[in-house]
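Below are the chains, spelled out letter by letter.
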Amino acid sequence: MRIGKQDAPFTSICTSDAHSITVRGRDLCGDIIGKMDFTSYFWLLVTGEEPSEVQKLFANAVLAAIAEHGLVPSVVASRMTYAAAPEAFHGAVAAGLLGCGSVVLGSAEVAGRFYADLVGTVRAGTGTPGEVAAEGVRTLRAARQAIPGFGHPQHSAGDPRALLLLAMAEEHGIVGEHIGMLYALRDCLPETLGRPLPINVNGAIPAVMLDVGFPLAALKGISLLARTASLIAHLNEEASRPIGFIMSGAAAQAVMFDGDTASPD
C-alpha cells in the first residue's frame with residue numbers, strides 16, 4: 001500500500017563504502033573527526049553548510065541557554081523513569097524528551113512558527129510589523145491562546161537568558177525581521193493584552209536563530225539536542241544520588257484523591 005509521496009527516493013546527508021564515510025560531502029575521518037566542533041557539525045548535518053563564526057556563536061549560545069533549568073517536567077519524568085527502570089538509561093532520556101510540546105521545551109518551535117507567519121504577512125505588504133503583531137495577538141486572545149515566547153512563572157521581571165541573547169544579537173548586528181517582530185509583539189502587548197509581558201527564552205531563541213539563518217523546520221531540534229545533554233547529566237546524578245522516588249513520594253502526598261471510594265460490604 002502506497003502512503004504519501006514516493007517519487008523522490010534520495011538523501012543527501014550520508015553515504016559510505018568499504019573505505020570511507022561521507023557526511024554532507026565531507027570525509028568523516030579526514031575532514032570532521034578531530035577537526036570540527038560538535039555545534040558546527042550539528043549545523044552542517046541540519047543545513048548542509050558549515051556555520052559562519054556568528055552562526056556558530058549563536059548556536060552555541062542558545063544550546064547553552066535552553067539545556068538546563070532545574071527540575072522541570074522533562075527532568076522529573078526522566079529521573080522518575082530511571083528510578084523505576086535503571087537498566088533503561090535510553091528509555092529515561094526518551095521519557096524526558098517525549099513531553100517536548102507546545103507548553104514546555106517545544107514552545108520555541110511554536111513561537112518561531114508564529115513569528116515567521118507574521119513576518120510573512122509583513123512581507124506580503126498587508127501591514128507594518130506593529131499592525132501585524134497587534135492583529136496576531138488579538139487573534140490568539142480571541143482563541144484563548146497564550147502569546148508564544150512571552151511570560152515566565154519565575155522570571156517575571158525578565159528572563160535573563162532572553163535578555164542576554166537579545167543583547168548579543170544587538171551587539172553582533174544580526175537583528176533582523178524575526179527579532180524585529182518579537183519586539184513589535186512586546187511593544188503591542190500593553191494595549192492589545194492590557195498588560196506587558198517579558199520575553200522569555202523560548203521567544204528569544206527562535207527569533208535569534210531564524211535571523212542567523214537556521215531553518216524553521218528544525219527549530220525544535222535545538223531544544224531536543226540541548227535538553228538531551230541535561231538529561232544525561234541528571235541521570236548520571238540519579239545513579240549515585242537518587243531522588244526519583246522522593247519526587248514520586250512527594251507527588252503522592254501533594255495530590256489528593258477526590259474520587260468515589262468503595263463501600264464496605
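Above this text you will find the structure in question.
Only a predicted model underlies this, so the values are computations on that prediction, with no experimental measurement involved. All chains use their own residue numbering, which begins from 1 and follows the written sequence. This being a predicted model, a pLDDT of at least 70 is required before a residue's local features are given, and a value of 80 or more before pairs of side-chain atoms are given or counted; all residues contribute to the totals for chains, interfaces and linings. As a rule here, side-chain values cover all heavy atoms of the structure and leave hydrogens and water aside.

Colleague: Before we go on, may I ask you to explain the overall build of the chain in this structure?
Modeller: Broken down by element type, the chain carries 12 helices and 3 strands. Seen along its three principal axes, the alpha-carbon backbone of the chain occupies a region of about 70 × 65 × 50 Å. Each residue's exposure class comes from its accessible area (1.4 Å probe, protein chains only) as a fraction of the maximum for that residue type: buried when under 20%, exposed when over 50%, partly exposed otherwise. Out of the 265 residues in the chain, the part that is buried amounts to 41%. Within the chain, contacts between residues at least 6 apart in sequence are counted, and of these 70% link residues at least 24 apart. We get accessible surface area from the Shrake-Rupley algorithm with a probe of 1.4 Å; when it comes to residues, only the shown protein chains can shield them. A total accessible area of about 14800 Å² is found for the chain, and carbon and sulfur atoms account for 58% of it. Within the chain, one finds 18 positive and 26 negative side-chain charges whose respective centroids are separated by 2 Å. For the purposes of this entry, the term helix denotes a DSSP run of H or I that reaches at least four residues, the term strand denotes a run of E that reaches at least two, and both are numbered from the N terminus. Contact definition: two residues touch when any of their heavy atoms are within 4.5 Å. Counting rule for charge: Lys and Arg are taken as positive, Asp and Glu as negative, and neither His nor the chain ends is counted. Lysine's charge is taken at NZ, arginine's at CZ, aspartate's at CG and glutamate's at CD.

Colleague: It is not clear to me how the side chain of serine 40 should be interpreted in this structure. Could you clarify?
Modeller: The residue serine 40 is located in helix α2 (residues 38-47) in this model. A polar atom in the side chain of serine 40 sits 2.9 Å from the side chain of aspartate 37. Among residues more than four places away in sequence, those in contact with serine 40 are Pro51 and Lys56. The term polar contact refers here to a pair of N or O atoms within 3.5 Å; inside protein, the definition further demands a hydrogen-donor-capable atom paired with an acceptor-capable atom, and it admits residues adjacent in sequence only when both atoms are side-chain atoms.

Colleague: So what exactly am I meant to see when it comes to the environment of alanine 67 here?
Modeller: Here alanine 67 is to be found in helix α3 (residues 53-67). Accessibility expressed as a relative area gives 15% for alanine 67, which makes it buried. Apart from residues no more than four positions distant in its own chain, alanine 67 is found in contact with Ala226, Arg227 and Ser230.

Colleague: Please clarify how the pattern of salt bridges should be interpreted in this entry.
Modeller: A side chain of one charge can pair with a side chain of the opposite charge if their charged atoms are brought near each other. Salt bridges, as used here, are contacts in which a Lys or Arg side-chain nitrogen is within 4 Å of a carboxyl oxygen on Asp or Glu. Under the criterion given, the structure shown has 12 salt bridges. A salt bridge links arginine 113 to glutamate 109, with the nearest nitrogen and oxygen atoms 3.6 Å apart. With arginine 113 and glutamate 109 both in helix α6 (residues 107-123) and 4 residues apart, this pair spans about one turn of that helix. Judged by relative accessible area, which is 36%, arginine 113 ranks as partly exposed. Residue classification places glutamate 109 among the buried residues on the basis of a relative accessible area of 16%. Notably, a salt bridge pairs aspartate 159 with arginine 161, separated by 2.8 Å at the nearest N-O pair.

Colleague: Would you mind showing me how to read the packing of α3 against helix α11 (residues 219-240) here?
Modeller: If you want to describe how two helices pack, look at the angle between their axes and the distance between the axes. Angular values range over 0 to 180 degrees, each being the angle between N-to-C directions of two axes fitted as lines to C-alpha atoms, with helices fitted over their stretch in contact. Orientation of α3 relative to α11, taken along the N-to-C sense of each, is 55°, at an axis distance of 8 Å. Classified by the interaxial angle, the pair formed by α3 and α11 is oblique. In the crossing of α3 with α11, the sense of the turn from one axis to the other is right-handed. Where α3 approaches α11, its residues Val62, Leu63, Ile66 and Ala67 are matched on the opposing element by Ile222, Ser223, Leu225, Ala226, Arg227 and Ser230. Roughly parallel covers angles under 35 degrees, roughly antiparallel covers those over 145, roughly perpendicular covers 65 to 115, and oblique covers all other angles. Less than a right angle of anticlockwise turn of the near helix away from the far helix marks a crossing as left-handed, whereas a clockwise turn marks it as right-handed.

Colleague: Looking at this structure, how should I read α2?
Modeller: Note: α-helices contain 3.6 residues per turn, so residues at a spacing of three or four share the same orientation. Buried residues of α2: Thr39, Ser40, Tyr41, Phe42, Trp43 and Leu44, and no others. As for α2, its buried residues are in contact with β2 (21-23), β3 (26-27), α1 (28-32), α3, α10 (201-211) and α11. You can read the cap of α2 off the contacts: a side-chain oxygen lies 3.2 Å from the backbone nitrogen of threonine 39, and it is on aspartate 37. In the stretch just after α2, glycine 48 is the one whose phi turns positive, near 85°.

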